[in-house]
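Structure assessment
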Amino acid sequence: MTLSSLVNRYVDRIADRLIEPIDKRVNQKFYDFPLGSKPWAVEKDYLDLWDKTKQIAYPQTDGYEKETGFAMDKTWLDELALLTQIVIKPHDLCYQHGRLLYSALSQMVSKRPKSSISILETGTARGFSSLCMAKALSDADRPGRIVTYDVLPHSTKMYWNCIADKEGSQSRAELLKPYQDLIDEYIIFHQGDTQTQLNKIDISRVHFAFLDGGHTYQHVVDEFDYLKNRQQTGDMIFFDDYTPNHFPGVVDAVDEICQQHGYSKQVITISDQRGYVIGEKL
Ligand SMILES: C[S@@+](CC[C@H](N)C(=O)[O-])C[C@H]1O[C@@H](n2cnc3c(N)ncnc32)[C@H](O)[C@@H]1O
């Protein structure tokens, strides 16, 4: 054995021992109550917010549902939103992307022969958008797989700044127990930063993607980079947060992607805080 192979073997052995503690250290912040160390509010506060939010009319979403011919069951949506979208935050709450995702995906599925649908999501958070997409597949009685990424772990207890915090800290897996059937059928939760982890899985075709993770130009461009050779005509990307005043980097990235890579661009603006682009590969 040469000296250099001996040194390499020694370095590998040290690296093997260090990799796990270093990974843990770097990601510690995601395991240590990343959304707060205690409940943000009491049950009544969340219920009041829910009552207020679910009564708001959204003609833009109604219009998109009419255009596609698919609308989500409102009671199901509102119940899921109470668990996963009604949070204490300084901006107005709005979970219209759930309805839009459902309609866009249902329409796409209806145009395809009976094949399995492959979906990639970045930004799982509490699981709201994954479950809206799973509901669309389930209502269409279609097989499929939703791979969803987040830096937040799936099995670590935390407070989620949501109504379920009254039960104490819970993992996402526990939080979403009421939706276990849909999860078992469709969803794969992957913990990791898309910047470093996306390329470690190989999904040969992504029929539908929802990008809602990091909200910078670079995140969107890098996530699209993963998708660009995995989509064909008719496949779709739903971009969240197309809001020039809040996420100019996302807007620049989405404009560039649609223009340079042959995607149609349907902009749906709900308010100055919430806007989306639904892109279809031409
Ligand atoms: C706006 S939230 C997603 C909301 C979710 N899609 C929904 O509809 O409820 C953004 C999520 O992206 C995650 N995130 C941010 N940057 C990320 C990255 N580089 N890789 C993976 N996840 C990321 C955050 O932890 C956060 O949970």
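Description of the structure in this document. Note that the structure is a prediction, hence the values are computed from the model and not measured. (Residues numbered from 1 in each chain as written. Predicted model: local features only at pLDDT ≥ 70, side-chain atom pairs only at ≥ 80, totals over all residues. Heavy atoms only, no water.)

Let's talk about the layout of surface pockets
In this structure, the largest pocket encloses a volume near 1,100 Å³. What lines the largest pocket is a set of 42 residues, among which Lys89, Ala125, Arg126, Asp212 and His215 lie closest to the centre. Of all elements in the fold, only α6 (128–139), β2 (144–150) and α10 (217–227) reach the threshold of two or more residues within the lining of the largest pocket. Considered class by class, the residues forming the lining of the largest pocket number 14 nonpolar, 18 polar and ten charged. Approximately 230 Å³ is the volume attributed to the second largest pocket. If you trace the second largest pocket, you find it lined by Asp23, Asn27, Phe30, Tyr31, Val151, Gln191, Gly192, Asp193, Thr196, Gln197 and Lys200. Contributing elements (two or more residues each) for the lining of the second largest pocket: α1 (3–31) and α9 (194–197). In terms of residues, the lining of the second largest pocket owes the most to one element, α1, which gives four residues. (1 Å grid on protein atoms, 1.4 Å probe; cavity = no way out; pocket = protein on both sides within 12 Å on 5 of 7 lines; lining within 4 Å. Points joined across faces, edges and corners; volume = space filled by probe spheres on them. Helix = DSSP H or I, 4+ residues; strand = E, 2+ residues; numbered from the N terminus. Nonpolar A, V, L, I, M, F, W, Y, C, P; charged D, E, K, R; others polar.)

Details of unusual backbone geometry
In this structure, Asn161 takes a positive phi of about 50° despite not being glycine. Turning to its location among the elements, Asn161 is positioned in the loop between β2 and α7 (172–175). In the Ramachandran plot, Asp241 falls in the positive-phi region, its phi being about 60° despite a non-glycine side chain. If you trace the backbone, Asp241 turns up in the loop between β5 (236–239) and α11 (248–261). Overall, Asp241 belongs to the buried group, its relative accessible area being 8%. (Buried < 20%, exposed > 50% of the residue type's maximum accessible area, 1.4 Å probe, protein only.)

Some thoughts on the packing of aromatic side chains
Under the definition given, this model contains six aromatic pairs. Centroid distance Phe224 to Tyr263: 5.7 Å. Interplanar angle 80°. Geometry classified as edge-to-face. With Phe224 in helix α10 and Tyr263 in strand β6 (residues 263–269), this pair connects stretches of sequence that are 39 residues apart. Site record: aromatic cluster; members linked through ring pairs are Phe210, Phe238 and Tyr276. When the ring centre of Trp50 is taken as origin, the NZ or CZ atom of Lys54, which lies over that ring, is 3.4 Å away. Over the face of the ring belonging to Tyr226 we find Arg230, whose NZ or CZ atom lies 3.8 Å from the ring centre. (Phe/Tyr/Trp six-rings, centres within 6.5 Å; stacked < 30°, edge-to-face > 60°. Lys NZ or Arg CZ within 6 Å of the ring centre and 35° of its normal.)

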